[in-house]
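Here's the letter readout for the chains.
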Amino acid sequence: MAFLLELAVYAAVGLWGYQAVSAGRWLKAGAALGCVVVMVVLWSLFGAPSATVTLHGGALPAFQAAWFAVGVVALGVTGWRKLGLALAVLTIVNLVLVYHWHQQNG
């Protein structure tokens, strides 16, 4: 489920990037791609199980919560509020279960 939530965040941020630019399609697509690349880099550096930087204690759940919150906010500002709410609920359930079952890295 976590991987699908990550993909949902990438899609949400890409949608926001696309809608945030009022220029032509190529610039809109470039903005969408750029937003997704930034999120991929952040996740690979700090959030992934094989992350480059190991976050300890409360830093990892704080980063993960903030990272997923970006996706929720992106859906909200693009007009997909119900989908954003669903992403928020599923993310909270997922993170609670991950930490309850001690499946987190770090």
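Data block above holds the structure.
Here goes a summary of the coordinates provided. (Residues numbered from 1 in each chain as written. Predicted model: local features only at pLDDT ≥ 70, side-chain atom pairs only at ≥ 80, totals over all residues. Heavy atoms only, no water.)

1. Examining the packing of aromatic side chains
Phase 1 of the analysis: If you walk through the whole model with that rule in mind, you get six aromatic pairs.
Phase 2 of the analysis: Judged by centre distance (5.6 Å) and plane angle (55°), the ring pair of Phe46 and Phe63 falls under tilted. With Phe46 in helix H2 (residues 25-47) and Phe63 in helix H3 (residues 59-77), this pair connects stretches of sequence that are 17 residues apart.
Phase 3 of the analysis: Among the residues examined, Phe46 registers a relative accessible area of 26% and is labelled partly exposed.
Phase 4 of the analysis: The structure contains a cluster of three or more aromatic residues connected by ring pairs, namely Tyr10, Trp43, Phe46, Phe63, Trp67 and Phe68.
Phase 5 of the analysis: Taking the ring centre of Tyr18 as reference, the NZ or CZ of Lys28 above it sits at 4.8 Å. (Phe/Tyr/Trp six-rings, centres within 6.5 Å; stacked < 30°, edge-to-face > 60°. Helix = DSSP H or I, 4+ residues; strand = E, 2+ residues; numbered from the N terminus. Buried < 20%, exposed > 50% of the residue type's maximum accessible area, 1.4 Å probe, protein only. Lys NZ or Arg CZ within 6 Å of the ring centre and 35° of its normal.)

2. Section: a nonpolar patch on the surface
Phase 1 of the analysis: On the surface, Met1, Leu85, Val89, Leu90, Val93, Leu97 and Trp101 cluster together into a nonpolar patch covering about 670 Å² of accessible area.
Phase 2 of the analysis: If you trace the backbone, Leu85 turns up in helix H4 (residues 81-100). (Patch = residues over 30% accessible without salt bridge, like charges linked within 9 Å, V, L, I, M, F, W, Y side chains within 5 Å. Areas by Shrake-Rupley, 256 points an atom, 1.4 Å probe, with all protein chains shown as cover. Salt bridge = Lys/Arg side-chain N within 4 Å of Asp/Glu carboxyl O.)

3. Some thoughts on the side chain of Lys28
Phase 1 of the analysis: Following the sequence through the fold, Lys28 ends up in helix H2.
Phase 2 of the analysis: Of the side chains with opposite charge, Glu6 comes closest to the buried, unpaired Lys28, at an N-O distance of 26 Å.
Phase 3 of the analysis: Of the polar contacts made by the side chain of Lys28, one reaches the backbone oxygen of Tyr18; its length is 3.0 Å.
Phase 4 of the analysis: Residues contacting Lys28, with those up to four places away along its chain left out, are Gly17, Tyr18, Gln19, Val21 and Ala23. (Lys, Arg positive; Asp, Glu negative; His and termini not counted. Polar contact = N/O pair within 3.5 Å; in protein donor to acceptor, adjacent residues only side chain to side chain. Contact = heavy atoms within 4.5 Å.)

4. Here we look at H3
Phase 1 of the analysis: With 19 residues, H3 extends 27 Å from end C-alpha to end C-alpha; this agrees with the ideal 27 Å at 1.5 Å per step.
Phase 2 of the analysis: Just downstream of H3 lies Gly79, where phi reads positive at about 100°. (Expected span 1.5 Å × (residues − 1).)

5. A short note on the packing of H3 against H4
Phase 1 of the analysis: Viewed as axis vectors pointing N to C, H3 and H4 meet at an angle of 165°, and their least axial separation amounts to 8 Å. Judged by the inter-axis angle, H3 sits roughly antiparallel to H4. Where H3 crosses over H4, the two elements pack in a sense that is right-handed. Here H3 contributes Leu60, Pro61, Gln64, Ala65, Phe68, Gly71, Val72, Leu75 and Gly76 to the contact with H4, which in turn contributes Arg81, Leu83, Gly84, Leu87, Ala88, Thr91, Leu95 and Tyr99. (Axes fitted to C-alpha atoms, helices over the stretch in contact; angles between N-to-C directions. Parallel < 35°, antiparallel > 145°, perpendicular 65-115°, else oblique. Left-handed = near helix turned anticlockwise from the far one by under 90°.)

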